[in-house]
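Single-letter residue listing:
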Amino acid sequence: MTPIISVRDVRRSYGRGANRFDALKGVSLDIAEGESVAIVGKSGSGKSTLMHVLALLDAPTSGTVELEGVDTGTLAGGRLNRTRNKTFGFVFQQFFLTANASVLENVVLPMTIAGVSRGERRRRGLAALEQLELGDKAASKARDLSGGQKQRTVIARALVNDPRVIFADEPTGNLDTATGAVVEDILFSLQREHGITLIVVTHDEELAARCDRRIVVRDGLIVDERNEVAA
Ligand SMILES: Nc1ncnc2c1ncn2[C@@H]1O[C@H](COP(=O)(O)OP(=O)(O)OP(=O)(O)O)[C@@H](O)[C@H]1O
Ligand SMILES: [Mg+2]
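From a predicted model like this one, the values you see are computed outputs, not experimental measurements. (Residues numbered from 1 in each chain as written. Chains lettered and ligands numbered in written order. Predicted model: local features only at pLDDT ≥ 70, side-chain atom pairs only at ≥ 80, totals over all residues. Heavy atoms only, no water.)

(A) Seen up close, the layout of surface pockets. Roughly 290 Å³ of volume is contained in the second largest pocket. Per-element tally for the lining of the second largest pocket: the top contributor is helix 5 (residues 147-159), with four residues. Classifying every residue of the lining of the second largest pocket by side-chain character gives nine nonpolar, four polar and two charged. (1 Å grid on protein atoms, 1.4 Å probe; cavity = no way out; pocket = protein on both sides within 12 Å on 5 of 7 lines; lining within 4 Å. Points joined across faces, edges and corners; volume = space filled by probe spheres on them. Helix = DSSP H or I, 4+ residues; strand = E, 2+ residues; numbered from the N terminus. Nonpolar A, V, L, I, M, F, W, Y, C, P; charged D, E, K, R; others polar.)

What follows is the structure, encoded as structure tokens:
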């Protein structure tokens with residue numbers, strides 16, 4: 001079967017000349033639809049850089065990224081944005097919630113970008129919030145939520161466009177153990193029950209161990225890919 005994402009000899013450099021830094025030095029990787037993949041490695045090893053390239057948020061300096069066999073380097077900007085928005089959901093700490101907007105307004109944002117009608121946005125936004133047990137917080141300002149509720153709101157926002165792949169960068173990083181476990185359970189149940197592909201960058205050993213597969217990044221290279229025994 002064609003992998004959902006296929007990366008070949010991807011390099012990503014920042015800066016020029018003497019200031020050039022090679023953050024990815026030739027990475028190849030296939031991700032099958034429906035699997036969960038942990039990307040692990042030391043701080044500065046290139047995990048977020050790899051994730052941004054996989055998620056089509058950043059173009060590689062060289063090499064190819066295919067989405068279901070289509071070379072994404074050939075897609076024009078508008079088409080690329082629509083494809084990303086339709087296919088992917090993001091659980092990134094740097095994609096902050098808008099503090100002064102309501103929880104529902106935050107969650108419907110990807111649908112606004114996708115041009116979904118107002119009524120449909122509201123219906124789907126509320127359904128996603130219900131799924132994450134946040135229905136009663138729809139009208140609250142995002143800034144008034146607890147840390148775990150904020151993270152669940154970010155997951156609700158990642159879900160509204162019915163994505164096939166969810167990218168999560170340290171999804172449990174700022175949460176206490178119990179709340180982190182709730183967020184983790186939500187992500188894995190989405191993978192199991194909806195067949196969503198889950199790609200997660202994490203320093204959390206237990207979270208990595210729950211994934212079907214683990215990819216270790218060191219100094220811009222994949223050094224060891226080891227299959228986890230499914231639980
Ligand atoms: N915009 C940039 N300009 C220059 N160098 C960058 C840029 N972004 C990242 N880097 C460098 O590329 C390397 C990889 O960064 P990356 O953010 O991918 O690391 P990471 O593995 O995600 O680390 P962490 O676990 O700390 O989040 C680092 O050495 C970083 O300093
Ligand atoms: Mg990072």
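Now that the structure has been shown, we can carry on.
(B) Just the sheet that holds strand 5 (residues 70-71), in detail. In space, the four strands of this open sheet follow the order 2-1-4-5, with antiparallel pairing throughout. Taken across any chain shown, the strands that pair with only one partner, and hence form the sheet edges, are strand 2 (21-31) and strand 5. In this structure, strand 4 (residues 62-67) lies alongside strand 5, joined through two bridges in antiparallel fashion. Within strand 5, the position partnered with leucine 67 by the bridge is valine 70. The sheet contacts of helix 1 (residues 47-54) involve strand 1 (5-14), strand 2 and strand 4, and relative to strand 2 the element is tilted by about 55°. (Pairing = 2+ DSSP bridges. Contact = heavy atoms within 4.5 Å. Axes fitted to C-alpha atoms, helices over the stretch in contact; angles between N-to-C directions.)

(C) Spatial organisation of helix 4 (residues 118-131). Along its 14 residues, helix 4 runs 20 Å from first to last C-alpha, staying within 8% of the 20 Å computed at 1.5 Å per residue. Those residues of helix 4 lying buried are Arg121, Gly125, Ala128 and Leu129. An end-on view of helix 4 places all buried positions within 100° of arc, on one side of the element. Exposed residues on helix 4 whose side chains face more than 90 degrees from its buried face are Gly119, Arg123 and Glu130. Where helix 4 ends, the next residue or the one after it, glutamate 133, has phi of about 55°, a positive value. (Expected span 1.5 Å × (residues − 1). Buried < 20%, exposed > 50% of the residue type's maximum accessible area, 1.4 Å probe, protein only. Arc of directions from axis to C-beta.)

(D) Summary view of the packing of aromatic side chains. Using the criterion set out here, one finds four aromatic pairs in the structure. Centroid distance phenylalanine 88 to phenylalanine 167: 4.9 Å. Interplanar angle 85°. Geometry classified as edge-to-face. With phenylalanine 88 in strand 6 (residues 88-92) and phenylalanine 167 in strand 7 (residues 165-169), this residue pair connects regions lying 79 residues apart in the sequence. Of the two residues, phenylalanine 88 and phenylalanine 167, neither departs from the other in class, the shared state being buried. Its relative accessible area of 0% is what places phenylalanine 167 among the buried residues. Feature note: the residues Phe88, Phe90, Phe92 and Phe167 constitute an aromatic cluster, connected by ring pairs. (Phe/Tyr/Trp six-rings, centres within 6.5 Å; stacked < 30°, edge-to-face > 60°.)

(E) Here's a closer look at the pairing of strand 2. With eight bridges joining them, strand 1 and strand 2 adopt antiparallel strand pairing. When the sheet's bridge partners are listed, valine 10 is paired in strand 2 with valine 27. Where strand 1 hands over to strand 2, the hairpin turn is made up of six residues, of which glycine 15 adopts a positive phi near 75°.

(F) Structural view of the nonpolar core. In this structure, Val91, Leu129, Leu132, Ile155, Leu159, Ile166 and Leu190 are the most contacted members of the largest nonpolar core, which totals 38 residues. Among the elements of the structure, strand 3 (36-40), helix 3 (103-114), helix 4, helix 5, strand 7, helix 6 (177-194), strand 8 (197-201) and helix 7 (205-210) are those that each provide at least two residues to this core. Setting aside anything within four residues of it in sequence, one finds valine 91 in contact with Gln151, Val154, Ile155, Ala158, Ile166, Phe167, Ala168, Asp169 and Pro171. Among the nonpolar cores identified, the runner-up in size contains 29 residues, and Val10, Val27, Val37 and Leu67 belong to it. (Core = buried A, V, L, I, M, F, W, Y, C linked by side-chain atoms within 4.5 Å.)

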